[in-house]
Amino acid sequence: MRPGRYTDQGPYDLFRSLLKDAITRWNISPKMVDGLLTSPSGQSQGQTDAYVHDKLISEFALKPRFAETMCLGGASFGVMVNRAMSAVREGRANAVLCIGSGKFLKPSEGSAEMLAKTIAEADFEVPYGPFIPGLYALIARRFMHERNITREDIARVAVSARKWALLNPDARMYGKGEITVEDVIASRPIADPFNYLDCSIPSDGGGVVLVTRADIGHQLSDQPAYVKGYGEYHACGTISGADVLNETGAVQSGAEAFAQANLTPADIDVAQLYDAFSATPLILLENLGFCAPGTSGDFFNSGACDPGGRFPVNTYGGLLSYGHTGDSSGMSVLVEGARQAMGQAGARQITGAENVLVHCYGGMMYDHTTLILGRQP
Amino acid sequence: MSGKPVPEITPLNRVFFEGTAAGELRLCRCMKCGELFRYVHPLCPECWSDSFDYVVSSGKGKIESYTVMHMPPYEAWAADVPYVIALVRLEEGVRMMANVDMDANKVAIDMPVDVWFEQRDDVFIPQFRPAG
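Overview of the structure.

Describing the pairing of strand β5 (residues 83-90) of chain B
Residues and elements named next belong to chain B.
Working step 1: Burial analysis of β5 places 7 of its 8 residues in the buried class, the great majority of the element.
Working step 2: Two strands pair when backbone bridges link them, and strand β4 (residues 60-69) and β5 are joined in this way by 8 bridges, in the antiparallel orientation. The partner of Y66 across the bridge, within β5, is A86.
Working step 3: Here β5 runs beside strand β6 (residues 95-99); their pairing, made up of 5 bridges, is antiparallel. Bridged to L87 within β6 is M97.

Written as structure tokens, this is what we have:
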């Protein structure tokens, strides 16, 4: 669904809209959907609802053999695809609905303090006043130092995301015009090295994917997306505890996904790389093996990842210019990956996109999932 | 009263904050394998032994990474911006987070820093400032 500011709608209003959209798109019925995976809502308000699947089963009158509310932040949506696939392979479900909605509230007094405690150590980090941008900034600064990545290099990622958003009518920044590296650096400072335009756009929204058997997939769509490889890795859940800041769990999750798919980075045609902040696609390009250490900045600067480039990244505008939908953030990354593989990405469709890589992470780059999707099994 | 967060004393961190009150930066040491670590682990992160004592850190370290916070996450920090948050690698090899009390424009990776202790309510929290 199109991200926006739906101030009069709660998470369940968004879930209802999402399901209606899915029914229209795929002509699915309650008898057909026998699996449900979803993610908690209300996290940005500091009121986490961890029993979303129960409410959705009740509201939508589902009778699933397989259901769960999964909480891995942005990584939830990559993990969902894997868990749903396992259930389908084991014959425990035929069609698993994976659905996420999110509202990214402005951290008001109280909720920001509460949220800080869920993402940082209460006794050894929270007393120093960190928040989400500052924690990512610690990762980014070390990465920039060790890999000779400049302030301009990370700003260039936001410039590229905006170019893609101008091709996507659903993106928050559609129609808002291009931005330059200078614009990014001149925008108001948030947490060094990040300025306002280095940060994703807080939004409300969500998305749905259906994970099913190939035969059912072909009944629903002329060109379904196949899952060819998957990997996950769970690194230390605090910034202070992470041994090496610039080698994230993407190193392990990526290697696993490529091995499973029997593919290498050279085989990938387009990548969707979770971009809560402008620096993270650079870190991921290097950690996943697309760029040698220290070369991701030059790669983006060359225009390779822009529309028309040889390796398109975040073709829908990314969280930076499409929007970050809070609890359902990773869903947009996954949905765009699937659309590119299915040939449904409209004006931004990459012709001949055979293999698509989707990388989602959760927390402050703690949980990592890499999916490789393709047009063929 | 700044309203800044005050760490809660728990069975896991009590020895640490008794140390900071006495002007000591303590590091857990595993008596089985000798690993040094922060007071966030109930068991040695290397060998899962539960017998440990502590060593007192020199309090000297280097900035491994940093950020300058320009936007206060909540009201308690409004008067402090811009403030520095750093990951400090202590001489003993352990890394920890703290603020660095300095001109935020001059912070840099690898800058040597020394510990000091800030009192918040009745708890002392380790902080750093440029060495010198």
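Some remarks on the interface of chain B and chain A
Working step 1: With 36 residues of chain B in contact, the opposing surface of chain A contributes 32 residues.
Working step 2: Regarding the contact of chain B and chain A, the summed buried area is about 2,900 Å², with carbon and sulfur atoms giving 61% of it.
Working step 3: Considering only the surface of chain B that becomes buried against chain A, Y74, R95 and M97 of chain B emerge as the three largest contributors, covering 22% of it.
Working step 4: Scanning the region where chain B abuts chain A turns up 1 salt bridge.
Working step 5: In this structure, the salt-bridge partner of E121 of chain A is R38 of chain B, at a minimum N-O distance of 2.7 Å.
Working step 6: One can count 17 residue pairs in polar contact (both at pLDDT 80 or more) joining chain B with chain A.
Working step 7: Secondary structure elements with two or more residues in the side of chain B that touches chain A: α1 (14-21), β4, β5, β6 and β8 (123-130) of chain B.
Working step 8: Of all the elements, β4 of chain B adds the most residues to the side of chain B that touches chain A, at 6 residues.
Working step 9: Its residues assigned to classes, the side of chain B that touches chain A shows 22 nonpolar, 6 polar and 8 charged.

A word on the sheet that holds strand β9 (residues 355-362) of chain A
Backbone hydrogen bonds hold the strands of a sheet together, and the pairing may be parallel or antiparallel.
Residue and element names in this part refer to chain A.
Working step 1: If you walk across this open sheet you meet the 4 strands as β7-β10-β9-β8, and the pairing is mixed. This sheet does not close on itself; its edge strands, each paired only once, are β7 (226-234) and β8 (270-273). For this sheet, the mean angle separating the axes of adjacent strands, direction not counted, is 10°.
Working step 2: Sheet topology note: the β9/strand β10 (residues 367-374) ladder contains 8 bridges and is antiparallel. Considered in β10, the bridge of G362 is made with D367.
Working step 3: Set on the sheet, helix α9 (residues 250-261) makes contact with β7, β9 and β10; between it and β7 the angle comes to about 150°.
Working step 4: Packed onto the sheet, helix α13 (residues 329-342) meets β8, β9 and β10 and runs at close to 175° relative to β9.

Concerning the side chain of R348 of chain A
Working step 1: Within the element layout of this structure, R348 of chain A appears in the loop between α13 and β9.
Working step 2: Setting aside residues up to four positions removed in sequence, R348 of chain A forms contacts with W164, L167, N168, T315, Y316, E336, R339 and Q340 of chain A.

Observations regarding the layout of surface pockets
Rolled over the atoms, a probe sized like a water molecule indicates the empty space that remains.
Residues and elements named next belong to chain A.
Working step 1: Counted as a void, the second largest pocket has a volume near 1,100 Å³.
Working step 2: Lining of the second largest pocket is provided by 42 residues; of these, V209, L210, A225, A338 and M342 occupy positions nearest its centre.
Working step 3: Among the elements of the structure, α1 (11-26), α3 (76-89), β6 (204-212), α8 (214-220), β7 and α13 are those that each provide at least two residues to the lining of the second largest pocket.
Working step 4: In terms of residue count, α13 provides more of the lining of the second largest pocket than any other element does, 8 residues in total.
Working step 5: Its residues placed into classes, the lining of the second largest pocket shows 25 nonpolar, 8 polar and 9 charged.

Describing the environment of E24 of chain B
All names here are of chain B.
Working step 1: Relative to the helices and strands, E24 resides in the loop between α1 and β1 (26-30).
Working step 2: The class for E24 is partly exposed, based on a relative accessible area of 24%.
Working step 3: As a C-alpha pair, E24 and D53 span 29 residues in sequence and 14 Å in three-dimensional space.
Working step 4: When residues no more than four places from it in sequence are discounted, the contact partners of E24 are G19, Y54, V56 and F117.

Describing the pairing of β6 of chain A
Residues and elements named next belong to chain A.
Working step 1: Within β6, 8 of the 9 residues are buried, which leaves the element mostly enclosed by the surrounding structure.
Working step 2: Bridge analysis of strand β3 (residues 95-103) against β6 gives 9 bridges, and the strand direction is antiparallel. Considered in β6, the bridge of A95 is made with T212.

A few points about empty space enclosed by the protein
Working step 1: Counted by the stated rule, this structure contains 3 cavities of 30 Å³ or more.
Working step 2: If you add up the space inside the largest cavity, you get close to 80 Å³.
Working step 3: Lining the largest cavity we find F124 of chain A together with F16, L25, R26, L27, R38, Y39, L90 and M96 of chain B.
Working step 4: Counted as a void, the second largest cavity has a volume near 40 Å³.
Working step 5: Partitioning the lining of the second largest cavity into residue classes produces 7 nonpolar, no polar and no charged.

A closer look at α13 of chain A
Working step 1: In this model, α13 of chain A (14 residues) spans 21 Å end to end at C-alpha, consistent with the 20 Å of a helix rising 1.5 Å per residue.
Working step 2: Trailing α13 of chain A by a residue or two, G343 of chain A shows a phi angle of about 75°, which is positive.

Overview of the pattern of salt bridges
Residue and element names in this part refer to chain A.
Working step 1: For the coordinates displayed, the defined rule picks out 27 salt bridges over all chains.
Working step 2: For R142, the salt bridge is made with E146, and the minimal N-O distance between the two is 2.8 Å. Of this pair, R142 and E146 both sit in helix α5 (residues 132-147), 4 residues apart, which is roughly one turn of the helix.
Working step 3: Since its relative accessible area comes to 41%, E146 is described here as partly exposed.
Working step 4: With a closest N to O distance of 2.8 Å, E336 and R348 form a salt bridge. Of this pair, E336 sits in helix α13 while R348 sits in the loop between α13 and β9, and the two are 12 residues apart along the sequence.
Working step 5: E336 sits in the buried class, given a relative accessible area of 2%.
Working step 6: In this structure R348 comes out as buried when scored by relative accessible area, which is 7%.
Working step 7: The structure contains a network of salt bridges with shared partners spanning R5, K103 and D204.

Reading the values: the criteria
- All residue numbers refer to position in the chain's written sequence, counted from 1.
- Chains and ligands are labelled sequentially in the order written, the chains with letters from A and the ligands with numbers from 1.
- Local features are withheld for residues below a pLDDT of 70 in this predicted model, meaning they are given only at 70 or higher, and side-chain atom pairs are given and counted only at 80 or more; totals for whole chains, interfaces and linings count all residues.
- Side-chain measures here rest on the full set of heavy atoms in the structure, leaving out hydrogens and waters.
- Burial classes follow relative accessibility: with a 1.4 Å probe on protein chains only, a residue under 20% of its type's maximum area counts as buried, one over 50% as exposed, and anything between as partly exposed.
- A helix here means a DSSP run of H or I that spans at least four residues, while a strand means a run of E at least two residues long, and both kinds are numbered starting from the N terminus.
- Between any two strands, pairing holds if DSSP finds at least two bridges.
- Any two residues having at least one pair of non-hydrogen atoms within 4.5 Å are treated as being in contact.
- The term buried area denotes the loss of accessible surface (1.4 Å probe radius) that occurs when two parts are joined, taken as the sum for both partners.
- The salt bridge definition used is simple: a Lys or Arg side-chain nitrogen within 4 Å of an Asp or Glu carboxyl oxygen.
- Here a polar contact is recorded for every N or O atom pair within 3.5 Å, except that within protein the pair must consist of a potential hydrogen donor and a potential acceptor, and residues adjacent in sequence are included only if both atoms are side-chain atoms.
- Ten residue types, Ala, Val, Leu, Ile, Met, Phe, Trp, Tyr, Cys and Pro, are classed as nonpolar, four, Asp, Glu, Lys and Arg, as charged, and the remainder, Gly among them, as polar.
- Only the contacting stretch of a helix is used when fitting its axis, a line to C-alpha atoms as for every element, and angles between N-to-C directions run 0 to 180 degrees.
- Only protein atoms enter the 1 Å grid used here. Points where a 1.4 Å probe fits but cannot escape make up a cavity, open sets with protein on both sides within 12 Å along at least five of seven lines make up a pocket, and a residue lines them when an atom lies within 4 Å of a point.
- Grid points are joined across faces, edges and corners, and a volume is the space filled by probe spheres set on the points.
- Working rule for helices: expected span equals 1.5 Å times residues minus one.

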